[in-house]
Amino acid sequence: IDDSLRKVFAALDRWDVVMLFSDHGEEFWDHGSFGHGHTLYEELMRVPLVVRAPGLTPRRVSEPVSLLDLTPTVLDLLRRPVKGLDGQSLVPLLRGDPAARVRFAQRALPMGWPLYGTVRWGVLTGQRKYNTLGSQEFLYDLALDPGERINRVAGRGWAETASHRAALGKALTRDRLQAM
């Protein structure tokens, strides 16, 4: 892949916009299984995103983003209107705007409906990741537990997750879904 990408990059000029990304990760027995499309663990959800565009200085961004942000980002880079889309342009974040860093770090990102297995829904808010599996709830503090091994809900009951359930509900509610 590196050799092929090197040839593509060599054919580009400095004005070309390039975005490389993946739609999913892979589990290699991290949580007792392999493959993709069956859980909401970080090894499946956290994917690479590389953006090269005029006016952007190379940097690493740690704030969580969504694949829904790609279309608004491309439109913004092409100076086209970015309205009525799910997702937000990453351009301010990619330029290092401190307000954008705060906004992206604090927004609730919904996730769910794996390709196969049991229906799951989840939300990432800051460093807290909440998800469901049937009637079970899971809450992970990714800063303290990046491997998602310690379910912070275990033994604490539903009150522990009330704010996360509310964030999930809000993140999944979209105007376009309500209009259907």
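Preceding this paragraph is the structure being described.
Since we're looking at a predicted model, the values are computed, not measured.

Rules used in this analysis
- Each chain carries its own residue numbering, running from 1 in the direction its sequence is written.
- Totals for whole chains, interfaces and linings use every residue, but because this is a predicted model, local features are given only for residues with pLDDT of at least 70 and side-chain atom pairs only at 80 or more, for both listing and counting.
- To get the side-chain values, all heavy atoms of the structure are used, and hydrogens and water are removed first.
- Strands here mean DSSP runs of E at least two residues long; helices mean DSSP runs of H or I at least four residues long; both are numbered from the N terminus.
- Between buried and exposed lies partly exposed: a residue is buried under 20% and exposed over 50% of the maximum accessible area for its type, with that area taken using a 1.4 Å probe on protein chains only.
- Paired strands, as defined in this entry, are two strands with at least two bridges between them according to DSSP.
- Orientation is described by lines fitted to C-alpha atoms, with helices fitted over the stretch in contact, and by angles between N-to-C directions that extend from 0 to 180 degrees.
- What the arc measures is the spread of directions leading from the helix axis to the C-beta atoms.
- Contacts were defined at the residue level, with two residues in contact if any of their heavy atoms lie within 4.5 Å.
- We define a polar contact as two N or O atoms separated by no more than 3.5 Å, with the added condition that, inside protein, one atom must be a possible hydrogen donor and the other a possible acceptor, whereas residues neighbouring each other in sequence contribute only through side-chain atom pairs.
- Working definition: rings of Phe, Tyr and Trp (its six-membered ring) pair if their centres are within 6.5 Å, and the pair is stacked with planes under 30 degrees apart, edge-to-face with planes over 60 apart, and tilted otherwise.

Caption draft 1: Focus on unusual backbone geometry. One non-glycine residue, Arg79, lies in the positive phi region at around 60°. When you line up the elements, Arg79 lands in the loop between helix 3 (70–77) and helix 4 (91–94). Residue Glu148 is not a glycine yet carries a positive backbone phi of 50°. Overall, the relative accessible area of 2% leaves Glu148 in the buried class.

Caption draft 2: Representation of the sheet that holds strand 5 (residues 108–112). The strand order across the open sheet built from 4 strands is 5-6-7-8, with neighbouring strands paired in antiparallel fashion. A strand with exactly one partner marks an edge of an open sheet, and here the two such strands are strand 5 and strand 8 (136–141). Sheet twist, expressed as the average angle between the axes of neighbouring strands with direction ignored, equals 15°. Sheet analysis places strand 7 (residues 128–133) next to strand 8, joined by 6 bridges and oriented antiparallel.

Caption draft 3: Local environment of helix 3. Looking at helix 3, one finds that the buried residues are Leu70, Pro72, Thr73 and Leu77. What you see down the axis of helix 3 is that its buried residues fit within an arc of 165°, all on one side. Its buried side turned inward, helix 3 meets strand 1 (18–21), strand 4 (49–52) and helix 4. The first or second residue beyond helix 3 is Arg79, which carries a positive phi of 60°.

Caption draft 4: Representation of helix 6 (residues 162–172) in the model. Listing the buried residues of helix 6 in full gives His164, Ala167, Leu168 and Ala171. Viewed along the axis of helix 6, the buried residues span an arc of 100°, placing them on a single side of the element. On its buried face, helix 6 sits against strand 5, strand 6 (121–125), strand 7 and strand 8.

Caption draft 5: Just the side chain of Arg107, in detail. By secondary structure assignment, the location of Arg107 is in the loop between helix 5 (98–106) and strand 5. For Arg107, a relative accessible area of 14% puts it in the buried group. Here Asp69 takes part through its side chain, which lies 2.4 Å from a polar atom of the side chain of Arg107. In this structure, Arg107 is in contact with Pro64, Val65, Ser66, Asp69, Gln88, Leu124, Thr125 and Gly126, ignoring residues within four places of it in sequence.

Caption draft 6: Here's a closer look at the packing of aromatic side chains. According to the stated counting rule, one finds 1 aromatic pair in the structure shown. An angle of 10° between the planes, with centres 6.5 Å apart, marks the rings of Phe138 and Tyr140 as stacked. Tyr140 gets classed as buried once you look at its relative accessible area, which sits at 4%.

Remember that the coordinates give geometry; whether it matters functionally is a separate question.
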